[in-house]
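Listed here are the chains, written in short residue letters.
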Amino acid sequence: MVRTPAGAVVADPTGRLNGRGAYVCKDLACITIAVGRGALRRALETPVPDELRDELAAAVPELINQGGAHGQE
């Protein structure tokens, strides 16, 4: 996950986008915890909308196919 210089929070399966990044495992449970408990907000130092969890959950299969060999991005 990356907070871009413009302030948007986006998934970054390549790990190469410019901005402040945070690793979140590619698993619905991890995403839910990261967003729900505020860990992602703290790591990115910006509010993260709850709707992002739903968007990420829908994108998990695609993220797994695009991501690195370690299974985390």
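What counts, and at which threshold
Residues numbered from 1 in each chain as written. Predicted model: local features only at pLDDT ≥ 70, side-chain atom pairs only at ≥ 80, totals over all residues. Heavy atoms only, no water. Buried < 20%, exposed > 50% of the residue type's maximum accessible area, 1.4 Å probe, protein only. Patch = residues over 30% accessible without salt bridge, like charges linked within 9 Å, V, L, I, M, F, W, Y side chains within 5 Å. Areas by Shrake-Rupley, 256 points an atom, 1.4 Å probe, with all protein chains shown as cover. Salt bridge = Lys/Arg side-chain N within 4 Å of Asp/Glu carboxyl O. Lys, Arg positive; Asp, Glu negative; His and termini not counted. Charge placed at Lys NZ, Arg CZ, Asp CG, Glu CD. Helix = DSSP H or I, 4+ residues; strand = E, 2+ residues; numbered from the N terminus. Contact = heavy atoms within 4.5 Å. Pairing = 2+ DSSP bridges. Arc of directions from axis to C-beta. Polar contact = N/O pair within 3.5 Å; in protein donor to acceptor, adjacent residues only side chain to side chain.

**Some thoughts on unusual backbone geometry**
Positioned with a positive phi, Glu 45 is a non-glycine residue whose angle comes to about 55 degrees. A relative accessible area of 53% means that Glu 45 is categorised as exposed.

**Points about a negative patch on the surface**
Taken together, the side chains of Asp 50, Glu 51, Asp 54 and Glu 55 define an acidic patch exposed on the protein surface. On the secondary structure map, Glu 51 appears in helix α3 (residues 51-66).

**Topic: the side chain of Thr 4**
On the secondary structure map, Thr 4 appears in the loop between β1 (2-3) and β2 (9-10). Residue Thr 4 is classed as buried on the basis of its relative accessible area, which comes to 18%. Leave out the neighbours within four places in its chain, and Thr 4 touches Val 10, Asn 18 and Gly 19.

**Here we look at the pattern of salt bridges**
The tally for this structure, following the rule as stated, stands at one salt bridge. Salt-bridge contacts for Glu 45 lead to Arg 20; the nearest nitrogen and oxygen are separated by 3.4 Å. Residue Glu 45 is located in the loop between α2 (39-44) and α3, and its partner Arg 20 is located in strand β3 (residues 20-21); the two are separated by 25 residues in the primary sequence.

**Description of the sheet that holds β3**
If you walk across this open sheet you meet the three strands as β2-β1-β3, and the pairing is antiparallel. The two strands at the open ends of the sheet, each matched to only one other strand, are β2 and β3. Sheet topology note: the β1/β2 ladder contains two bridges and is antiparallel. Bridged to Val 2 within β2 is Val 10.

**With respect to helix α1 (residues 28-36)**
If you check which residues of α1 are buried, you get Ile 31, Ala 34 and Val 35. One side of α1 carries all its buried residues, which in axial view fall inside an arc of 90 degrees. Capping the start of α1, Asp 27 holds a side-chain oxygen 3.0 Å from the backbone nitrogen of Ala 29, two or three residues further along. The first or second residue beyond α1 is Gly 38, which carries a positive phi of 85 degrees.

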